[in-house]
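Observations on the model geometry
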Amino acid sequence: MSIARFIDYIPQSVHDRVESDDRIIGTLFLLPVVLLVSFVVFLPVVWAVYNSLFDIGTLNPERNFVALGNYVDLLGADPMFWSSLWKAFYFAVGSTLLQLAVAVPTAVLLNKELRGIAVARAIALLPYLIPTIVVGMMFTWMGHPELGVVSNGLEDIGLTDGPMYFFGSERWAMPALIVANSWKFTAFIVMMVLARLQSIPESHYEAAQMCGASAWRQFRDVTLPNIRNVVLLVLLLRGIWMFNKFDIIWILTRGGPANATTTLPVYIYEIAFTQYRMGTALAASTLLFLLLVVAGVLYLRAFDPASEVET
Amino acid sequence: MSLVDYIPGLNPDDEATKWNRRRSAKRAANYVILISMSIMYFFPIFWMAKAALQPRNELYDQTVYYLPQEITFENFRALLVDSQFLTFYANSIIVALGVVAVTIVTSTLAGYALTRVELPGKKRIAQTTIFSYMYPPILLVMPMFLLWYAVGMTNTYVGLILAQSALTVPFSIWLMWQFFQTVPISLEESAWMYGASRLRSFFGIALPMAKPGLIAVAIFAFAVSWNDFTMANILMQEPSMRTLPVGVLFFTESNAVDWGAILSASALIAVPPLLLVYFLQRYLLRGFRVAS
């Protein structure tokens with residue numbers, strides 16, 4: 001690799017000269033990131049925790065110290081908090097499982113050497129590039145009760161009679177949201193699993209075929225052990241992200257109908273911007289954040305992404 | 001068939017044909033699944049593009065036309081002439097370019113320092129940065145709104161650019177960190193031999209060699225900014241400052257029935273990220289291969 005190393009011997013003095021500047025240069029190079037992350041990540045988090053101890057309005061600078069009052073209200077006297085937490089779980093688990101169930105077979109198929117596979121790979125990754133607002137508009141249009149293709153299609157093949165209100169019915173809104181959300185984000189899991197699959201040597205499959213293993217046995221004994229780790233990682237990471245999803249839910253249903261899709265992030269937004277109780281919203285954010293820290297520590301313990309990038 | 005030939009005790013011809021037949025049946029099944037899968041992923045995009053080109057009377061007909069009977073650009077014309085769509089588009093582009101600039105500068109410098117320079121506490125910095133990738137936008141934007149409001153940064157480009165950078169920078173640092181590890185240090189060493197300083201070898205050698213990584217980071221930052229709804233929705237509440245996602249949602253409220261305009265707007269929003277990735281996919285794939 002280092003041809004230069006063979007051609008010229010690099011004297012220690014050269015290294016010493018260069019590395020004597022390193023402390024200054026390293027600090028200078030890291031300074032922008034440290035400043036930025038402090039200002040846009042750490043300061044807001046600290047600010048949120050601090051202000052969650054006050055009773056403050058969203059656009060009103062006056063504040064009264066209430067200690068843990070906001071937390072007590074949320075945990076003890078607010079049934080919406082608990083039901084929105086439960087709905088966030090429902091949405092997260094439903095989305096993650098659906099995405100995984102579709103993504104793993106998709107990735108296995110896309111890993112095969114078939115004609116036109118490059119086009120199929122591109123198509124499968126396409127949804128991930130479609131902005132969320134566009135996904136929202138597409139699915140609102142397709143799910144439109146009178147004009148939408150889904151409602152009309154179901155009626156044409158005789159499964160339903162009359163219009164179906166997907167995003168407007170308490171029963172169907174959440175499943176419909178999960179489907180719309182998964183349409184976009186399945187591609188992310190496909191990408192990760194496909195990358196892992198491509199690193200499995202062909203010889204493993206050949207060996208399995210020699211032993212007369214069926215397609216299912218090949219999947220179970222060769223593919224599955226190899227993708228196990230990436231699947232676990234995706235389960236946790238995606239689970240956390242889906243748990244915190246706000247945009248697609250707000251765009252498609254606004255948490256409705258009758259709060260059927262008010263997940264915790266949506267509820268936090270409502271507390272802050274329709275009830276104008278910023279202190280309470282920040283207390284709810286802090287609770288959500290604590291949940292996240294627990295999940296994050298588990299994630300770092302289990303996978304240690306930093307050690308991956310050490311050479 | 002070559003395999004079967006070498007296994008003793010079997011009738012090679014029979015087994016070989018059976019094996020071949022089973023194999024072609026499997027291939028056919030694979031294609032059927034592949035095609036239905038592609039339709040599932042592609043249909044919503046097709047359906048939006050089709051609606052954007054359909055005249056009003058077809059869109060509002062209770063019969064569903066799977067192909068447009070007549071193609072029109074009237075929806076696009078109405079959108080570009082009669083609405084604030086172009087203002088939103090300009091806002092989105094300004095903010096996205098700002099986010100790309102901030103992300104490239106910070107993540108490249110940090111990625112290089114983390115790879116090449118010995119510093120105390122380096123690993124800790126990296127870990128916290130990666131960890132901050134897990135903060136969801138909705139959690140960050142609540143306190144940000146209070147802070148930005150206090151210093152007058154709501155409804156400003158700078159405010160939104162900084163806010164969205166919180167979403168792009170952590171992953172980008174990780175990407176650049178990985179990328180600089182693939183750039184051999186020997187080239188820099190030989191530059192040092194000729195008297196170049198660390199700074200000189202960074203700009204002259206390491207940076208040009210990390211170009212695919214830079215492009216991957218730029219595309220990623222652009223896509224995140226272009227996609228962001230949560231932060232823009234809260235930090236840009238003034239109508240003239242709205243970016244596309246927020247603008248279009250308000251637009252649907254006031255034009256709740258004009259599906260032609262809504263879907264042609266959606267189609268135009270989807271175009272830039274698709275174009276970008278189409279033209280730069282070679283670089284992007286190289287970037288992600290290092291990352292995965």
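Quick caveat: nothing in here was measured; it's all calculated off a predicted structure.

Okay, the overall build of chain A next. Counting secondary structure elements, chain A contains 15 helices and 2 strands. On C-alpha atoms alone, chain A measures out to a radius of gyration of 26 Å, which is more than a quarter above the 19 Å that the 2.2 N^0.38 rule sets for 311 residues. In chain A, which comprises 311 residues, the share counted as buried stands at 52%. For chain A, long-range pairs separated by at least 24 residues make up 65% of all intrachain contacts whose partners lie at least 6 apart in sequence. Carbon together with sulfur atoms contributes 65% to the accessible area of chain A, which is approximately 14600 Å² in total. Across chain A, the 19 positively charged side chains and the 23 negatively charged ones have centroids separated by 5 Å.

A few words now on the environment of Q12 of chain A. Residue and element names in this part refer to chain A. Checked against the element boundaries, Q12 lands in helix α2 (residues 12–20). Relative accessible area serves as the criterion here: at 51%, Q12 is assigned to the exposed category. Sequence separation of Q12 and I200 is 188 residues, and the distance between their C-alpha atoms is 42 Å.

Attention now goes to the domain arrangement of chain A. Residues and elements named next belong to chain A. When the domains of chain A are assigned, the result is domain 1 (12–51) and domain 2 (77–309). Taken together, the contacts link 4 residues of domain 1 with 4 residues of domain 2. Taken together, both faces of the contact between domain 1 and domain 2 bury some 330 Å²; the carbon and sulfur share is 80%. Applying the counting rule to domain 1 against domain 2 returns 0 salt bridges. Summed over the shared surface of domain 1 and domain 2, the number is 0 residue pairs in polar contact (both at pLDDT 80 or more).

The next thing to look at is helix α13 (residues 244–254) of chain B. Burial within α13 of chain B is extensive, with 8 of its 11 residues counted as buried. Those residues of α13 of chain B that fall on the buried side of the exposure criterion are L244, P245, V246, G247, V248, L249, F251 and T252 of chain B.

Below, the discussion takes up the interface of chain A and chain B. A common measure of how large an interface is: the accessible area buried when the components associate. Every contact between the two is made by 107 residues of chain A and, on the other side, 105 residues of chain B. The tally of links between chain A and chain B comes to 0 salt bridges. For the pair chain A and chain B, the interface holds 6 residue pairs in polar contact (both at pLDDT 80 or more). Among the elements that take part in the side of chain A that touches chain B, helix α3 (residues 22–51) of chain A stands out by supplying 21 residues, more than any other. Taken together, the residues of the side of chain A that touches chain B break down into 74 nonpolar, 18 polar and 15 charged.

Another aspect to go through is the confidence of the model for chain A. All names here are of chain A. Per-residue pLDDT for chain A has a mean of 83; in total, 93% of the residues score no lower than 70. Of all the helices and strands in chain A, helix α15 (residues 305–309) carries the lowest mean pLDDT, 46, while helix α12 (residues 247–252) carries the highest, 93. For the stretch residues 1–7, pLDDT sits under 50, and the model shows 7 contacts to residues farther than four places along the chain or on other chains. Of the regions scoring below 50 in pLDDT, residues 306–311 engages in 12 contacts with residues more than four places distant in sequence or in other chains.

Let us look at the domain arrangement of chain B. All names here are of chain B. Looking at the assigned domains, one finds that chain B contains domain 1 (2–59) and domain 2 (78–291). Each side of the interface is counted separately: domain 1 has 5 residues, and domain 2 has 8 residues. Counting the surface lost from both domain 1 and domain 2, the interface buries some 470 Å², and carbon and sulfur atoms represent 80% of this. Applying the counting criterion to the domain 1 and domain 2 interface returns 0 salt bridges. Applying the counting rule to domain 1 against domain 2 returns 0 residue pairs in polar contact (both at pLDDT 80 or more). Counting residues per element, the ones that place at least two in the side of domain 1 that touches domain 2 are α2 (12–53) and α3 (56–59). Counting residues per element, the side of domain 1 that touches domain 2 draws most heavily on α2, at 3 residues.

The rules we used
Residues numbered from 1 in each chain as written. Chains lettered and ligands numbered in written order. Predicted model: local features only at pLDDT ≥ 70, side-chain atom pairs only at ≥ 80, totals over all residues. Heavy atoms only, no water. Helix = DSSP H or I, 4+ residues; strand = E, 2+ residues; numbered from the N terminus. Rg over C-alpha atoms; globule rule 2.2 N^0.38 Å. Buried < 20%, exposed > 50% of the residue type's maximum accessible area, 1.4 Å probe, protein only. Contact = heavy atoms within 4.5 Å. Areas by Shrake-Rupley, 256 points an atom, 1.4 Å probe, with all protein chains shown as cover. Lys, Arg positive; Asp, Glu negative; His and termini not counted. Charge placed at Lys NZ, Arg CZ, Asp CG, Glu CD. Domains from an automatic or database assignment. Buried area = accessible area lost by both parts, 1.4 Å probe. Salt bridge = Lys/Arg side-chain N within 4 Å of Asp/Glu carboxyl O. Polar contact = N/O pair within 3.5 Å; in protein donor to acceptor, adjacent residues only side chain to side chain. Nonpolar A, V, L, I, M, F, W, Y, C, P; charged D, E, K, R; others polar. pLDDT = per-residue confidence, 0-100.

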